[in-house]
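Below are the chains, spelled out letter by letter.
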Amino acid sequence: MTRLIQIKKGNRWSVAMVEEPTVRLLDHCSSIYELAVSALAGGSKLSELARQKAGNEVVGYDLIYTGESEWRALPAIDHPDEPARCLISGTGLTHLGSARNRQSMHATTTEDLTDSMKMFRWGVDGGRPGDGCIGIAPEWFYKGTGVALRGHGEPLEIPSYADDGGEEAEIAGVYIVAPDGRPYRIGMATGNEFSDHQFEKKNYLYLAASKLRTCALGPELVVDPEFESISVTASIERDGKVYWSKTFRTGESEMCHSLQNIEHHHFKFEGHRRPGDVHVHFFGTDCLSFSDHVRLQDGDVTQVAVDGFGRPLRNPVHLDRSIPAVVKVIPLR
């Protein structure tokens, strides 16, 4: 399995293959995007092209991972020319636990069947169609653009206007759209989708706005990983100790929608097939610390560890305590 990492030192950007406990830099390759574009142009596989470009320069991974190296870890994908051409989105209500969390968040009585639970049941009934068939559409949400992406070790922000911030440990698919408009999956990466669950809890219609927060991806992009049944451990550290932790399973056999169905319903939209665009799509989670009444604090560290996806993704939490100011729009008269 090929694992790639994007790193930066000063004004130098590079891609490296993970060869624990080191990473091997690729020659003449400054981004995974560039590597993917080259693979499309040459009709080659991404993993084969990466091996062909593997150079002689090797760097220790430990110091990069801990932030003590001159090399800094970047998000597992980005659009090097224009961050806005990286669309971040996701599919919710894919796991049983996510439906229970949402049901308890929005139900007014124990007898209520919320729209969330109805949609989850639709997925159970029609989310795994046969080959060549189209299944029921899953929930889809917009997360933002590449401006919101953070890499391993970078802070996830709880902005001053937010009610809260909470980890969402997930796997995300990473895609590029070819010149002919066909989407290609570059690989998958460990992700922390990070949302404002307290704001969402006020009213279901706040769901869309609760997603407009920073999120993290990486540190590694895994090319063509196993996605059947994977163990994920989400944890929160406070004052140097594990404050909360849970393990769950994700992957196609743990979800009510097939990967094919999720990808179809994202890329069926013509606007999502713009040549040259990058897409990051989160596949959902099965547990939230918010459901256990955990409120993240400034300085907490979130960690997402996914079996087979390399080193865990770790991000400190930064709480903006400034007083929100009115954003005034100026008429252009």
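Up top is the structure.
Quick look at the structure, then. Sequence order sets the numbering: in each chain, residues are counted from 1 along the sequence as written. Given that the model is predicted, a residue must reach a pLDDT of at least 70 before its local features are reported, and side-chain atom pairs must reach 80 or more before they are shown or counted; all residues, however, enter totals for whole chains, interfaces and linings. The side-chain numbers reported here are obtained from all heavy atoms of the structure, hydrogens and water having been left aside.

## Topic: the layout of surface pockets
Threshold: Detection works on a 1 Å grid of protein atoms alone, calling trapped sets that fit a 1.4 Å probe cavities and calling open sets with protein on both sides within 12 Å along at least five of seven lines pockets, with lining residues defined by an atom within 4 Å of a point. Grid points are joined across faces, edges and corners, and a volume is the space filled by probe spheres set on the points. A run of H or I in DSSP becomes a helix once it reaches four residues, and a run of E becomes a strand once it reaches two; helices and strands are each numbered from the N terminus. Amino acids are sorted into nonpolar (Ala, Val, Leu, Ile, Met, Phe, Trp, Tyr, Cys and Pro), charged (Asp, Glu, Lys and Arg) and polar (every other residue, Gly among them).
Quantified by volume, the largest pocket comes out at close to 410 Å³. Lining the largest pocket we find 19 residues, and of these L46, Y184, R185, I186 and V223 sit closest to its centre. Listing elements by their share of the lining of the largest pocket, those giving two or more residues are α1 (32-42), α2 (46-53) and β11 (183-192). The element best represented in the lining of the largest pocket is β11, accounting for five residues. Counted by class, the lining of the largest pocket contains twelve nonpolar, four polar and three charged residues.

## Considerations on the pattern of salt bridges
Stated precisely, the cut-off is as follows: Note on definitions: salt bridges are taken to be side-chain nitrogens of Lys or Arg within 4 Å of carboxyl oxygens of Asp or Glu. Only protein chains enter the calculation, and the probe is 1.4 Å; a residue is then buried if its accessible area is under 20% of its type maximum, exposed if over 50%, and partly exposed in between.
Scanning the entire structure with this criterion turns up 22 salt bridges. One salt bridge in this structure joins E20 and R311, with 2.7 Å as the shortest N-O distance. Remark: R311 occurs in the loop between β16 (301-306) and β17 (313-319) and E20 occurs in the loop between β2 (12-19) and β3 (22-26); sequence separation between them is 291 residues. Given the relative accessible area of 40%, E20 is considered partly exposed.

## Considerations on α2
Stated formally: To obtain the arc, one takes the directions from the helix axis to the C-beta atoms.
Those residues of α2 not exposed but buried are L46, S47, L49 and A50. All buried residues of α2 project into a common sector of 160° when viewed along the axis, lining one side.

## A look at the side chain of E193
Under the convention used in this document: Definition of a polar contact: a pair of N or O atoms within 3.5 Å, with one able to donate and the other able to accept a hydrogen when the atoms are protein atoms, and with sequence-neighbouring residues admitted only if both atoms are side-chain atoms. Any two residues whose heavy atoms approach within 4.5 Å at even a single point are treated as in contact.
Among the secondary structure elements, E193 is positioned in the loop between β11 and α6 (197-202). Polar side-chain contacts of E193 include one of 3.2 Å to the side chain of K211. The residues touching E193, leaving out its near neighbours within four places in the chain, are F141, K143, E168, E170, K211, T214, C215 and F282.

## A look at the side chain of H95
With respect to the helices, strands and loops of the structure, H95 is situated in the loop between β6 (86-90) and α4 (96-106). Residue class for H95 comes out buried when judged on its relative accessible area of 0%. At a separation of 2.7 Å, a polar atom in the side chain of H95 contacts the side chain of T94. In this structure the side chain of H95 is engaged in a polar contact, spanning 2.8 Å, whose partner is the side chain of T250. For H95, the contacting residues outside a window of four places in its chain are F120, R249, T250, G251, E254, M255, F283, G284, T285 and D286.

## Focus on unusual backbone geometry
Cis geometry is adopted by the peptide bond preceding P21, which originates at E20 and carries an omega value of 5°. Counting through the fold element by element, P21 comes out in the loop between β2 and β3. With an omega dihedral of 5°, the bond running from G218 to P219 counts as a cis peptide bond. In this model, F194 sits at a positive phi of 55°, which is unusual for a non-glycine residue. Secondary-structure assignment places F194 in the loop between β11 and α6. Of note in the backbone geometry, H293 takes a positive phi value of approximately 65° without being a glycine. Along the chain, the position of H293 falls in the loop between β15 (278-282) and β16. Since its relative accessible area comes to 73%, H293 is described here as exposed.

## A few points about the packing of aromatic side chains
Any two aromatic rings considered together are summarised by their centre-to-centre distance and by the angle between their planes. To keep things clear, this is the line we draw: For Phe, Tyr and Trp, where Trp contributes only its six-membered ring, two rings pair if their centres lie within 6.5 Å, and the inter-plane angle classes them as stacked under 30 degrees, edge-to-face over 60, or tilted in between. Only Lys NZ and Arg CZ are tested; either one counts as a charge over a ring when it is within 6 Å of the ring centre and within 35 degrees of the ring normal.
The tally for this structure, following the rule as stated, stands at four aromatic pairs. A ring pair is formed by Y61 and Y65, whose centres lie 6.3 Å apart and whose planes are at 85°; its orientation type is edge-to-face. One end of the pair is Y61 and the other is Y65, both in helix α3 (residues 61-66) and four residues apart, which spans about a single turn. The ring centre of Y243 lies 4.0 Å from the NZ or CZ of R238, which sits over that ring.

## Overview of the packing of α1 against α2
Filter applied, for reference: Angles shown run from 0 to 180 degrees and are taken between the N-to-C directions of axes, each axis being a line fitted to C-alpha atoms and, for helices, limited to the stretch in contact. Working definition: roughly parallel below 35 degrees, roughly antiparallel above 145 degrees, roughly perpendicular at 65 to 115 degrees, and oblique for all remaining angles. Take the far helix as the reference: if the near one is turned anticlockwise from it by less than a right angle, the crossing is left-handed, and if turned clockwise, right-handed.
At a minimum axis separation of 9 Å, α1 and α2 run at an interaxial angle of 110°. The angle between α1 and α2 falls in the class roughly perpendicular. Regarding α1 and α2, the two cross each other, and that crossing is right-handed. Along its contact with α1, which presents L35, A36, S38 and A39, the element α2 presents L46, L49, A50 and K53. Along the lines of polarity and charge, the residues of the contact of α1 with α2 split into six nonpolar, one polar and one charged.

## Looking at the sheet that holds strand β13 (residues 230-238)
Definition in use: Here, a strand pair is defined by DSSP locating no fewer than two bridges between the strands.
Overall, mixed pairing links the five strands, which are arranged β9-β17-β16-β13-β14 in an open sheet. This sheet does not close on itself; its edge strands, each paired only once, are β9 (156-158) and β14 (241-250). Strand-to-strand twist in this sheet, taken as the mean axis angle between neighbours without regard to direction, amounts to 20°.

## Description of the state of the cysteines
What counts here: For this text, the term disulfide refers to a pair of cysteine sulfurs within 2.5 Å.
Taken as a whole and judged by the stated rule, the model has zero disulfides. Just so you know, C29 is unpaired, no disulfide at all, and the nearest cysteine sulfur is the one on C86, 17 Å from it. In this structure C256 is not part of a disulfide, and its nearest cysteine sulfur, from C287, lies 17 Å away.

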